[in-house]
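Below, each chain spelled out in residue letters.
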Amino acid sequence: MDVRTWSTDAIRPSLRLDYWVGAICDAFLEMDCDSRARDSFEGHLARVAAGELSFHQVRAQTQDVFRTRRGIARSNHHPYYLIAQRHHGWHVRQDGRLLQLRAGDVALVDASRCYELHFPEAFEVMSIQLPRHFVGRWLANAEAPGARVVPRDAGWGAPLSALCLQLARDPASAGHYPAELLSDHFGALLAAALEPHVPGTPAADLAARAHDWLHEHFAASGVVAASAARDLGVSVRSLHRAFAARGATFAGTLRALRIDEAKRQLAQPRLSHVATAEIARR
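Once a new chain begins, its residue numbering starts again from 1 and follows that chain's sequence as written. Side-chain atom pairs in this predicted model are given and counted only at pLDDT of 80 or more, local residue features only at pLDDT of at least 70, and totals for whole chains, interfaces and linings cover all residues. Think of the side-chain values as coming from all heavy atoms in the structure, minus any hydrogens and water.

(A) Layout of the overall build of the protein chain. Regarding its fold elements, the protein chain presents ten helices and twelve strands. Each residue is placed in one exposure class: buried if its accessible area under a 1.4 Å probe, protein chains only, is under 20% of its type's maximum, exposed if it is over 50%, and partly exposed if it falls in between. Burial status across the protein chain gives 48% buried among its 282 residues. In the protein chain, of all internal contacts separated by at least 6 residues, the share reaching a separation of at least 24 is 70%. The Shrake-Rupley method, run with a 1.4 Å probe, gives the accessible areas here. Residue values count only the displayed protein chains as cover. Put simply, the protein chain shows about 13,500 Å² of open surface, and 52% of that area lies on carbon and sulfur atoms. Helix and strand assignments come from DSSP, with helices taken as H or I runs of at least 4 residues and strands as E runs of at least 2, each series counted from the N terminus. A contact between two residues is defined here by any heavy atoms of the two lying within 4.5 Å.

(B) Spotlight on the nonpolar core. Counting 52 residues, the largest nonpolar core has Phe55, Leu82, Leu130, Phe186 and Phe250 as the members making the most contacts within it. Setting aside residues no more than four positions away along its own chain, Phe186 makes contact with Leu53, Phe55, Leu82, Ile128, Leu160, Leu163, Cys164 and Leu167. Among the nonpolar cores identified, the runner-up in size contains 30 residues, and Leu17, Ala27, Met31 and Ile83 belong to it. To define a nonpolar core, start from buried Ala, Val, Leu, Ile, Met, Phe, Trp, Tyr and Cys residues and group those joined through side-chain atoms within 4.5 Å.

(C) Broad picture of the packing of aromatic side chains. Pairing of aromatic rings covers Phe, Tyr and Trp, the last through its six-membered ring, and needs centres within 6.5 Å; plane angles under 30 degrees mean stacked, over 60 mean edge-to-face, and all others mean tilted. According to the stated counting rule, one finds seven aromatic pairs in the structure shown. Ring geometry for Trp20 and Phe41: centres 5.7 Å apart, planes at 55°, overall tilted. Of this pair, Trp20 sits in helix α1 (residues 16-27) while Phe41 sits in the loop between β2 (32-34) and β3 (43-50), and the two are 21 residues apart along the sequence. Residue Trp20 shares its accessibility class with Phe41, and that shared class is buried. Taking 5.9 Å as the distance between ring centres and 90° as the angle between the ring planes, the aromatic pair formed by Phe243 and Phe250 counts as edge-to-face. Accessibility expressed as a relative area gives 3% for Phe243, which makes it buried. Each residue in the set Trp90, Phe119 and Phe123 is aromatic and connected to the rest through ring pairs, giving one cluster.

(D) The side chain of Ser35, seen in detail. Inspection of the secondary structure assignment puts Ser35 in the loop between β2 and β3. Note on Ser35: relative accessible area 8%, which makes it buried.

(E) Examining α1 more closely. For α1, built from twelve residues, the straight-helix expectation of 16 Å at 1.5 Å per residue is met to within 8% by its first-to-last C-alpha distance of 16 Å. Here α1 has its buried residues at Arg16, Leu17, Trp20, Ala23, Ile24 and Ala27. Buried residues of α1 fall within an arc of 110° about the axis and therefore sit on the same side. Considering only its buried residues, α1 is in contact with β1 (2-7), β2, β3, β4 (53-60) and β5 (63-67). Given a helix with a known number of residues, its expected span is that number minus one, times 1.5 Å. Here, the arc refers to the directions that run from the helix axis to the C-beta atoms.

(F) Seen up close, the state of the cysteines. A pair of sulfur atoms, both from cysteines and within 2.5 Å, is called a disulfide here. Applying the stated rule across the entire model yields zero disulfides. Cys25 takes part in no disulfide bond, and the closest cysteine sulfur, belonging to Cys33, lies 9.0 Å away.

(G) Quick peek at the sheet that holds β3. Strand pairing requires that DSSP identify at least two bridges connecting the strands. The strand order β1-β3-β4-β11-β6-β9-β12 describes an open sheet built from seven strands, whose pairing is antiparallel. Every other strand in the sheet has two partners, leaving β1 and β12 (148-150) as the edge strands with one partner each. Across the sheet, the mean angle from the axis of one strand to that of its neighbour is 20°, orientation sign disregarded. Pairing of strand β6 (residues 80-85) with strand β9 (residues 106-110), which is carried by five bridges, proceeds in the antiparallel orientation. The partner of Tyr81 across the bridge, within β9, is Val109. What counts as an axis is a line fitted to C-alpha atoms, over the stretch in contact for a helix, and the angles between N-to-C directions run from 0 to 180 degrees. Set on the sheet, α1 makes contact with β1, β3 and β4; between it and β3 the angle comes to about 10°.

(H) Representation of the pairing of β6 in the model. With six of its six residues buried, β6 lies for the most part within the structure. In the sheet, β6 pairs with strand β11 (residues 123-130) via six bridges, with the strands oriented antiparallel. Directly across from Leu82, in β11, lies its bridge partner Ile128.

(I) Main features of the pattern of salt bridges. For salt bridges, the criterion is a side-chain nitrogen of Lys or Arg within 4 Å of an Asp or Glu carboxyl oxygen. Throughout the structure, instances matching the rule amount to 15 salt bridges. One salt bridge in this structure joins Arg102 and Asp153, with 3.0 Å as the shortest N-O distance. A residue pair is termed long-range when its members are at least 10 positions apart, and Arg102 in the loop between β8 (97-101) and β9 and Asp153 in the loop between β12 and α4 (157-169) qualify at 51 residues. Between Arg132 and Glu143 there is a salt bridge; the shortest N-O distance is 3.1 Å. Remark: Glu143 occurs in the loop between α3 (132-138) and β12 and Arg132 occurs in helix α3; sequence separation between them is eleven residues. We classify Arg132 as partly exposed; its relative accessible area is 28%. Looking at Glu143, the relative accessible area reads 52%, which means it is exposed. Here the residues in one salt-bridge network are Asp95, Asp110, Arg113, Arg132 and Glu143, joined through shared partners.

The values are spatial; any link to function lies outside them.
As structure tokens, then:
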């Protein structure tokens, strides 16, 4: 797990905003930033890289962030960002659309196009950097114009919001899970929230076959959605959509099967001599 931090604490007050602009360009990509609290600005940023995703916890005073054409031209990469704010409402403008978000709502923003992020109050944000190929793998309409908002209290937006906000509280926890499994979980939730399953498609049959596959393989190490999709002859996106149509996820089903098996083994008298840690390892 790769962790980096930036903080204005050791910077002279008159230089803090300039330092902060450099910090966000270093941690994210080329952006401009201004703040009404220029004379007393404070900001803290932590970046945790886990596999192909990067998780950024940002705690700072009110500010306005701008991704300009000049910044886009100077950047070597153009990822997407999945952004959730813990405590207050905020605004995002992209492609001529101004969207107002509540605390806990999640926005998907395309860094290949100009945008503005407006935080009218001190804030604590989780901003997850998603590579373009990652978003294209999970969303059929990845190039849709404007920022896309997932409400915190609608359908799959609720678990997506909860996961983002948990990481906003504790970004280091991203490193506690296998990177590929965490990546699949975010991709599945994003697809289910932004492009929900359409009734009438054969998702139920695929979900049943996938559940049977998990029953056969859950005890193996390194079980991920990609291996299941390959064996079942479907795309990873289709596999996760099938679970979402049942109100479930691949990772959650895998975890439940493993927990059930651990409970079964712990309850068997013939395994009473086996240490709990050994059962967990198995």
